[in-house]
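Given next are the chains, with one letter for each unit.
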Amino acid sequence: MNDGWDSLREALGMDESDSIRGEKALKEATVYTCVKILSETLGKLPLKVYRYTEGGQQQVNHSIAPILKLRMNRYMSAITGWKCLEAQRTLYGNAYAWISASKKNGAIEGIYPLDSRRVSIYMDDVGLLSGNRMIWYYYTDNDGTPYWFRQDEILHFKGLSTDGIVGLSVIEALRASVENAKASGTFLNTSYKKGMMASGVLQYTGDLDTEKSNKIRNQFEKMTMGIVNANRIAVMPMGMRFEPFQMKLTDAQFLENSRFTVQQLTAAFGVKPHQVNDLTKASYASVSESNREFYTDTMMAILAEYEQEINYKCFLPSEIKAGYYAKFNADAITRAEIEKRMTMYKDAIQNGVMTPNECRQKEDLPPREGGDELFGNSALAPVKLLAQGMAMKGGNAIGDT
């Protein structure tokens, strides 16, 4: 009985033998797209080192700056490294990177992403391993060599977590939805390969043994199935009739269910529908607003996760106290079109909020002489100052009659 149901599922393109786990989830188009969007969005944002000063934040040169924004290690660029880490964090719920420091002076020489599947976390809450209570990371490389890392040697980026120590995987939490999406895609792919010919029952008037039944079925499939046989007229011998299953792609709300599954997955990843080409209810204005929502609802928390972990473990306590920190430049996400940006800069300059050079810096333009001064609109003045001026003229503060 089970063999019959297995054959039926296979005939309908619903074989479940290939389960969804880890990288296998990337075979599903929606999952791949969401992971690609999140990892590329993080990877393309410049990660710069700043320092708080009395005059505000200022970008500074630091020994770790080239590692964070140019070359993460000898094998990969910064964008490749951050994309790799974010892809693992999204797929497995956890991403790990080893901080390689010089034995001479302790300066960081590189950051090396680790395979999340080869990392185990141990909570030493009694100080058994080192006398100090801390988290230890156990890693095994491709050769089987084991390594123990202290918590200050590993950058650990987490997804949603219930204990603050280990992140949860979106794939594991929504495995049923991912498998449903993959089953829908497999069903369509199988249908195309078979020339969109629905499965059914081939009826024959008379008795047939197993060998003859298999022979007739194989001949019929060779004649009707496949892309080259799509929409061709089938010729059958007398006494034979084909009864297709009454199943269409629109039956049982197939398309609606597929769209609902996509919406579930994109919502779990924090990706907006238009980013996976679901433009059903999209317009120019809604897409522009969705991009800002993508930053505030999704990327802001992810960037904060990375920044806090980097700032705590990649800077000395004295540097943190002195105001050094690393921050992603999210202007690439939040930047509006040129007309809106220019209007915003004009208002900011005229109202003394930003200097001209600060606005030029956001547009990657060089500073100009005299551009560090704050300007104000002469038409704006405090009410108290206006009252004093009117009193000096002997007039009325409300109106000079």
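Scroll up to find the structure.
Residues numbered from 1 in each chain as written. Predicted model: local features only at pLDDT ≥ 70, side-chain atom pairs only at ≥ 80, totals over all residues. Heavy atoms only, no water.

## Comments concerning the sheet that holds strand β5 (residues 119-124)
Stated formally: At least two bridges found by DSSP between two strands is the condition for calling them paired. Numbering of helices and strands starts at the N terminus; helices are DSSP runs of H or I of at least 4 residues and strands are runs of E of at least 2. Simply put, an axis is a line fit to the C-alpha atoms, just over the touching stretch for a helix, and the angle between two N-to-C directions goes from 0 to 180 degrees.
Taken together, the three strands give an open sheet; going across it, the order is β5-β6-β7, and neighbouring strands pair in antiparallel fashion. The outermost strands of the open sheet, each flanked by one partner alone, are β5 and β7 (146-150). The sheet shows a mean angle of 25° between the axes of neighbouring strands, direction not considered. Across five bridges, strand β6 (residues 134-140) lies against β7 in antiparallel orientation. Its bridge partner being in β7, tyrosine 138 is matched across the sheet by tryptophan 148.

## Details of helix α4 (residues 78-92)
Basically, it comes down to this: Helix span is expected to be 1.5 Å times the residue number reduced by one. Here the term buried applies to any residue with accessible area under 20% of the maximum for its type, exposed to any over 50%, and partly exposed to those in between, with areas from a 1.4 Å probe on protein chains only.
In this model, α4 (15 residues) spans 21 Å end to end at C-alpha, consistent with the 21 Å of a helix rising 1.5 Å per residue. Judged by how many residues are buried, α4 sits mostly within the fold: eleven of 15 residues are covered. Every buried residue of α4 is listed here: Ala78, Gly81, Trp82, Leu85, Glu86, Ala87, Gln88, Arg89, Thr90, Leu91 and Tyr92. Phi for glycine 93, located one or two positions after α4, is positive at around 85°.

## Some thoughts on the nonpolar core
Nonpolar side chains in soluble globular proteins tend to be buried together. Convention followed: For the purposes of this section, nonpolar cores are sets of buried Ala, Val, Leu, Ile, Met, Phe, Trp, Tyr and Cys residues that join through side-chain atoms within 4.5 Å. Should any heavy atoms of two residues lie within 4.5 Å, those residues are counted as being in contact.
Formed by 48 residues in total, the largest nonpolar core has its most connected members in Leu68, Trp82, Met299 and Ile310. If we ignore the near neighbours within four places in the chain, the residues touching leucine 68 are Leu47, Val49, Ala78, Trp82, Ile111, Ile310 and Ala326.

## Details of the pattern of salt bridges
Spelled out, the test is: Each reported salt bridge corresponds to a side-chain nitrogen of Lys or Arg within 4 Å of a carboxyl oxygen of Asp or Glu.
The tally for this structure, following the rule as stated, stands at nine salt bridges. Between arginine 150 and aspartate 152 there is a salt bridge, and its shortest N-O distance comes to 3.1 Å. Since its relative accessible area comes to 43%, aspartate 152 is described here as partly exposed. Put simply, glutamate 153 and arginine 150 hold a salt bridge, and the shortest N to O gap is 3.9 Å. For glutamate 153, a relative accessible area of 21% gives the class partly exposed. Taken together, the shared-partner salt bridges connect Asp115, Arg117 and Arg118 into one network.

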